[in-house]
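Geometric and topological summary
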Amino acid sequence: MTLEEKKLQVVEDFSMYDEWLDKYEYLIEQGKNLEPFPEESKTEDKLIKGCQSRVWLDCEMKDGKLWFKADSDAIITKGIISLLIDVYSGRTPQEIANDDFAFLDQIGLKENLSPTRAGGLASMVETIKAKAAEAAAEPKAEAEAEAEVLSAADVKELAPLYENVVLALKQVYDPEIPVNIYDLGLIYEININKEHRAYIKMTFTAPNCPMADMVISEAKTSVEDVPGITGCDIDLVFEPAWSQDMMTDEAKVTLGFDVDLDDSQA
Amino acid sequence: MTIEQLRGQFPILGEKVYGRPLVYLDNAATSQRPLSVVEKWEQITLKSNANLHRAVHKLAADATAEYEGARQAAADFIGAGDAHEIVFTSGATAAINLVAFCFGEAFIKAGDKIIVSEEEHHSNIVPWQMMAQRKGAVLKVLPVDDNGQLRVDMLDDMLSDGKVRLLSVAHISNVLGIVNPVEEIIAKCHKYGCAVLVDGAQGIVHQKVDVTAMGCDFYAFSGHKLYAAPGTGVLYAKKEWLDAFPPYMGGGEMIETVRWTGTTFAKAPHKFEAGTQNISGTPTLVPAFEIATRMREQSIDSEAVAVKDFVYEALKGNPLVRLFGCPDRPEDKIPLFSFCVDGVHHEDLALILDKMGFAVRSGQMCAEPLMDRFGVTGMLRASFAPYNTMEEAQMFINALDKAVKMLR
Ligand SMILES: Cc1ncc(COP(=O)(O)O)c(C=O)c1O
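Quantities reported herein were computed from a predicted structural model and do not represent experimental measurements.

1. Looking at the overall build of chain A
Per the secondary structure count, chain A includes 11 helices and five strands. Out of the 266 residues belonging to chain A, those deemed buried represent 47%. Approximately 13400 Å² of chain A is accessible, and the part contributed by carbon and sulfur atoms is 51%.

2. Some remarks on the overall build of chain B
Helix and strand counts for chain B stand at 15 helices and 17 strands. Here the C-alpha radius of gyration of chain B, 22 Å, is about what a compact globule of 408 residues would show, namely 22 Å. Each of the three principal axes of chain B carries a C-alpha extent, and together these read 70 × 55 × 35 Å. Each of the 408 residues in chain B was classed as buried or not, and the buried ones make up 56%. Looking at chain B alone, contacts between residues at least 24 apart form 72% of all its contacts between residues at least 6 apart. A total accessible area of about 16200 Å² is found for chain B, and carbon and sulfur atoms account for 53% of it. Positive and negative charge centroids in chain B, built from 40 and 50 side chains respectively, lie 3 Å apart.

3. Let's talk about the domain arrangement of chain A
All names here are of chain A. According to the domain assignment, chain A contains domain 1 (3–135) and domain 2 (149–264). Computed over C-alpha atoms only, the centres of domain 1 and domain 2 are separated by 34 Å. Taken residue by residue, the interface counts seven residues in domain 1 and nine residues in domain 2. Between domain 1 and domain 2, the buried area comes to about 680 Å², and carbon and sulfur atoms account for 47% of it. The interface formed by domain 1 and domain 2 includes one salt bridge. Residue D63 pairs with K220 through a salt bridge whose shortest N-O separation is 3.5 Å. Remark: the boundary between domain 1 and domain 2 carries two residue pairs in polar contact (both at pLDDT 80 or more). When grouped by side-chain class, the residues that make up the side of domain 1 that touches domain 2 number one nonpolar, four polar and two charged.

4. Observations regarding the sheet that holds strand β5 (residues 231–236) of chain A
Residues and elements named next belong to chain A. Spatially, β3-β4-β5 is the arrangement adopted by the three strands of the open sheet, whose pairing is mixed. Every other strand in the sheet has two partners, leaving β3 (187–192) and β5 as the edge strands with one partner each. Neighbouring strand axes in the sheet, compared pairwise and without regard to direction, differ in orientation by 15 degrees on average. As paired elements, strand β4 (residues 197–202) and β5 share six bridges and run parallel to each other. Bridge pairing links I200 to I234 in β5. Lying over the sheet, helix α8 (residues 152–169) contacts β3 and β4, oriented at roughly 145 degrees with respect to β3. Along the sheet, helix α9 (residues 212–224) makes contact with β4 and β5, crossing β5 at roughly 150 degrees.

5. Describing the site of the ligand
All names here are of chain B. The immediate surroundings of the ligand are formed by A92, T93, H121, S123, N174, D199, A201, Q202, S222, H224 and K225. In the environment of the ligand, a nitrogen atom lies 2.5 Å from a nitrogen or oxygen atom belonging to the side chain of D199. At 2.7 Å from an oxygen atom of the ligand is found a side-chain nitrogen or oxygen belonging to Q202. Isolated, the ligand exposes 400 Å² of accessible area, and the fraction of that covered by the protein chains is 85%. By residue class, the composition of the shell around the ligand is two nonpolar, seven polar and two charged.

6. Some points on the interface of chain B and chain A
Contacts between chain B and chain A engage 14 residues on the former and 18 residues on the latter. Contact between chain B and chain A buries roughly 1400 Å² in total, counting both sides, with carbon and sulfur atoms accounting for 58%. Put simply, chain B and chain A have zero salt bridges between them. Between chain B and chain A we count five residue pairs in polar contact (both at pLDDT 80 or more) in total. For the side of chain B that touches chain A, the secondary-structure elements that each account for two or more residues are α13 (346–355), β16 (361–363) and α15 (390–407) of chain B.

7. As for the confidence of the model for chain B
Low-confidence regions, as indicated by low pLDDT, have predicted coordinates that should not be scrutinised in detail. Mean pLDDT over chain B stands at 96; residues scoring 70 or higher make up 100%. Across the assembled chains, the prediction reports ipTM 0.72 with pTM 0.77.

8. Looking at the packing of α13(B) against α15(B)
All names here are of chain B. Between α13 and α15, whose axes approach to 9 Å, the crossing angle comes to 125 degrees. By the angle class used here, α13 and α15 are oblique. The way α13 lies across α15 gives a crossing that is right-handed. Here α13 contributes D348, L349, I352 and L353 to the contact with α15, which in turn contributes F396, A399, L400, A403, V404, M406 and L407. A per-class count over the contact of α13 with α15 returns 10 nonpolar, no polar and one charged.

9. Examining a negative patch on the surface
All names here are of chain A. Taken together, the side chains of D18, E19, D22 and E25 present a region of like negative charge at the surface. Relative to the helices and strands, D18 resides in the loop between α1 (3–15) and α2 (20–32). Residue classification places D18 among the exposed positions, given a relative accessible area of 72%.

10. Overview of the packing of helix α3 (residues 58–78) of chain B against helix α11 (residues 285–294) of chain B
Residues and elements named next belong to chain B. In the contact formed by α3 and α11, the axes pass within 9 Å of each other and the chain directions differ by 25 degrees. Relative to α11, α3 is oriented roughly parallel. Here α3 runs over α11; the crossing is left-handed. From α3, A70, A73, A74 and F77 reach across to α11, where they touch V286, F289, A292 and T293. In terms of residue class, the contact of α3 with α11 is built from seven nonpolar, one polar and no charged.

11. Considering the nonpolar core
Residues B:I78, B:Y219 and B:Y227 are the most contacted members of the largest nonpolar core, which totals 74 residues. The element that contributes the greatest number of residues to this core is α3(B), accounting for eight residues. For this core, the two domains that each supply at least three residues are domain 1 (3–32 + 297–407) and domain 2 (38–291) of chain B. Core analysis: the second largest hydrophobic core is formed by 69 residues, A:F14, A:V87, B:Y312 and B:V360 among them.

12. Some thoughts on the domain arrangement of chain B
Residues and elements named next belong to chain B. Annotation of chain B at the domain level lists domain 1 (3–32 + 297–407) and domain 2 (38–291). Each of domain 1 and domain 2 has a C-alpha centre, and the two are 28 Å apart. The interface is formed by 34 residues belonging to domain 1 together with 27 residues belonging to domain 2. Across the contact surface, domain 1 and domain 2 share two salt bridges. Among the ionic pairs, E118 bridges to R373, the shortest N-O distance being 3.7 Å. Applying the counting rule to domain 1 against domain 2 returns 20 residue pairs in polar contact (both at pLDDT 80 or more). Broken down by secondary-structure element, the contributors of at least two residues to the side of domain 1 that touches domain 2 are β14 (336–341), α14 (368–373) and β17 (379–383). Of the residues forming the side of domain 1 that touches domain 2, the biggest block, five residues, is contributed by α14.

Rules used throughout
By convention here, each chain's residues receive numbers from 1 onward along its written sequence. As a convention, the first chain written is A and the first ligand written is 1, with the rest following in written order. Whole-chain, interface and lining totals are the exception, using all residues; otherwise, since this is a predicted model, local features are given only for residues with pLDDT of at least 70 and side-chain atom pairs are given and counted only at 80 or more. Side-chain numbers here rest on the full set of heavy atoms in the structure, without hydrogens or water. In this text, helices come from DSSP runs of H or I with a minimum length of four residues, and strands from runs of E with a minimum of two, each type numbered from the N-terminal end. For every residue, the accessible area obtained with a 1.4 Å probe (protein chains only) is divided by the maximum for its type, and the residue is called buried under 20%, exposed over 50%, and partly exposed between those limits. The Shrake-Rupley method, run with a 1.4 Å probe sphere, supplies the accessible areas, and residue values consider only the shown protein chains as cover. Atoms counted for the radius of gyration: C-alpha only. Globule rule: 2.2 Å times the number of residues to the power 0.38. Only heavy atoms enter the contact rule, under which two residues are in contact if any of them lie within 4.5 Å. His is not counted here, nor are the chain ends, while Lys and Arg score as positive and Asp and Glu score as negative. Throughout, a charge is located at the NZ atom of Lys, the CZ atom of Arg, the CG atom of Asp or the CD atom of Glu. Segmentation of the chain into domains, including their bounds, is taken from an automatic or database domain assignment. Accessible surface is computed with a 1.4 Å probe, and the buried area is the amount of it that two parts give up when combined, taken over both parts together. Salt bridges are counted wherever a side-chain nitrogen of Lys or Arg sits within 4 Å of a carboxyl oxygen of Asp or Glu. Counted as a polar contact is a pair of N or O atoms within 3.5 Å, where, for protein atoms, one must be capable of donating a hydrogen and the other of accepting one, and residues adjacent in sequence contribute only when both atoms are in side chains. All amino acids are sorted into three groups, where Ala, Val, Leu, Ile, Met, Phe, Trp, Tyr, Cys and Pro are nonpolar, Asp, Glu, Lys and Arg are charged, and the leftover types, Gly among them, are polar. At least two DSSP bridges between two strands are required for those strands to pair. Note on definitions: angles span 0 to 180 degrees between N-to-C directions of axes, and those axes are lines fitted to C-alpha atoms, for helices only across the stretch in contact. Only heavy atoms are used to decide nearness, and a residue is near a molecule or strand if one of them lies within 4 Å of it. Each residue carries a pLDDT score, the predictor's confidence in it, ranging from 0 to 100. Reported orientations rely on four angle classes, namely roughly parallel under 35 degrees, roughly antiparallel over 145, roughly perpendicular from 65 to 115, and oblique for the rest. Put simply, a crossing is left-handed when the front helix is turned counterclockwise from the back one by less than a right angle, and right-handed when it is turned clockwise. Excluding any residue in a salt bridge, patches collect residues exceeding 30% relative accessible area, merging like charges within 9 Å and nonpolar Val, Leu, Ile, Met, Phe, Trp and Tyr side chains within 5 Å. We call a set of buried Ala, Val, Leu, Ile, Met, Phe, Trp, Tyr and Cys residues a nonpolar core when their side-chain atoms join them within 4.5 Å.

As structure tokens, then:
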């Protein structure tokens with residue numbers, strides 16, 4: 001389910017309840033669905049400031065997406081954070097960072113909570129946004145930290161892998177555009193380490209591309225199918241933003257852009 | 001006066017929240033205002049608004065008379081011998097800060113000691129920490145026992161080295177709701193030459209205060225907890241202290257003459273009232289004192305005592321409830337109840353109760369060290385005023401049961 005669809009669904013779920021009591025009971029049920037949060041992870045740095053009850057939030061980046069975990073010692077708060085996680089976990093940092101969280105107003109969560117609780121909700125939203133912004137700002141910090149010195153022999157061994165990874169990426173299409181993602185200029189960086197794991201930094205033509213999830217997972221599978229590649233991680237970035245100049249000439253022709261004219265305009 | 005007539009004075013008590021009748025049980029945070037207070041504010045604002053002490057015109061004279069009239073009324077209300085011992089502040093916090101600063105400047109040197117109790121509001125902790133840090137003094141803590149009673153038995157030991165210059169203690173804690181034996185504490189302290197500040201933010205509401213009989217050096221309270229306008233407050237200080245204090249804030253009104261070669265200061269209390277004062281707020285203390293006095297009439301007070309006894313018994317009798325502040329002598333308890341419910345978070349409870357129309361407090365209640373003392377992250381607090389009825393008390397106990405059932 002896309003983020004938009006998920007939010008719509010939550011708004012719909014909530015619209016079934018007129019009575020505040022039912023809303024709270026729904027939230028309490030939500031809280032019970034939360035994946036358990038390990039006691040030893042309930043550390044000071046994971047506490048969200050500004051809530052009356054204690055709320056712990058942790059997140060991890062996997063395959064270009066943020067996955068959240070949380071817990072609270074208050075049951076209604078737990079329901080609220082669980083709802084937030086349900087909606088925002090497994091989204092890209094960019095999606096979260098660009099979201100307006102307006103659906104919270106639509107389900108009447110803000111108006112129905114006491115001032116301190118509304119403050120708590122605001123702190124939770126702020127924290128989730130901050131984590132997303134952080135993740136978006138430094139994609140793959142770990143991969144960079146791991147950057148290794150390659151010997152001449154390594155390079156010789158890795159060179160054909162790079163070629164094959166490019167070929168693999170050229171098999172992947174955004175279903176709405178008849179040009180593969182490589183020629184479209186969506187691939188910003190390819191790195192293959194000594195263990196033959198590929199790190200790819202890519203973008204989309206627009207931040208809200210509805211097919212993003214699908215394309216990323218297709219690209220990942222395609223690269224991982226390359227013989228000799230042991231795994232693939234993809235980071236989605238929107239810096240720098242994609243523009244038409246990033247397409248190969250071949251792609252421009254396919255899409256009916258006048259190659260020369262386009263260059264002179266740029 | 002009947003309780004209905006009393007409630008009629010407080011229009012907000014007839015309000016509804018979420019379509020249910022409001023039951024306001026957060027009086028320890030701030031009380032509601034009677035019409036007489038609102039009318040006083042309005043009268044001054046609409047008819048005699050002018051800056052104080054500064055002009056010769058009629059409005060200024062009227063406004064000044066109202067303001068200085070409130071000073072006399074405050075002195076009368078708390079039994080101060082002289083209106084010059086009354087300093088107006090913006091509240092209890094401001095009053096305590098004033099004493100912490102001035103007393104510190106005048107009388108505290110490195111190695112001196114200050115005592116506060118374990119049950120203090122942050123407003124009666126932090127100013128002393130700041131002063132101690134500035135002056136190299138040491139802050140000591142008088143503990144409470146498991147029932148929330150001050151360990152007055154430990155005081156002699158703590159005072160015996162003669163280094164304690166000042167002890168600051170709540171008349172009644174805003175969490176435990178127990179009237180502290182301030183007379184006994186003051187007597188002990190004075191024996192060792194230690195001055196005493198009594199934080200009367202809650203005490204002034206629930207006790208008839210006579211500072212002369214009590215013998216305290218300082219007594220501080222806020223107007224807003226006693227039905228007056230917010231931003232008003234009183235510091236009572238014995239004259240000899242005020243005369244010995246250096247000025248606190250500098251500015252207009254607190255001076256005698258200002259020259260580039262130096263300034264001479266007005267006499268107390270004006271020396272401590274720099275800048276434009278709360279012209280329209282402070283005079284509301286007068287009708288507030290009046291209504292507080294009327295609430296002590298037998299007809300109102302007997303209901304208040306019945307309400308207190310009922311809620312106290314109901315909570316003590318509930319096996320799920322852990323009540324904090326249960327004095328040996330039940331008459332030392334005021335109708336202020338802080339508690340935890342087994343297996344239920346205080347915030348969840350407050351939220352559900354809010355939806356049922358009950359305004360109660362949850363959290364640390366500005367007394368984090370006391371929360372730590374009892375090993376809890378927060379409590380739920382219901383604090384009653386004389387305008388709360390027995391019916392409201394019963395509704396509260398029923399609603400609490402319902403909310404607990406929903407959450408457990
Ligand atoms: C015991 C006690 N001391 C001090 C204060 C501070 O009063 P204010 O915030 O009105 O200055 C309060 C108010 O909550 C209190 O209950």
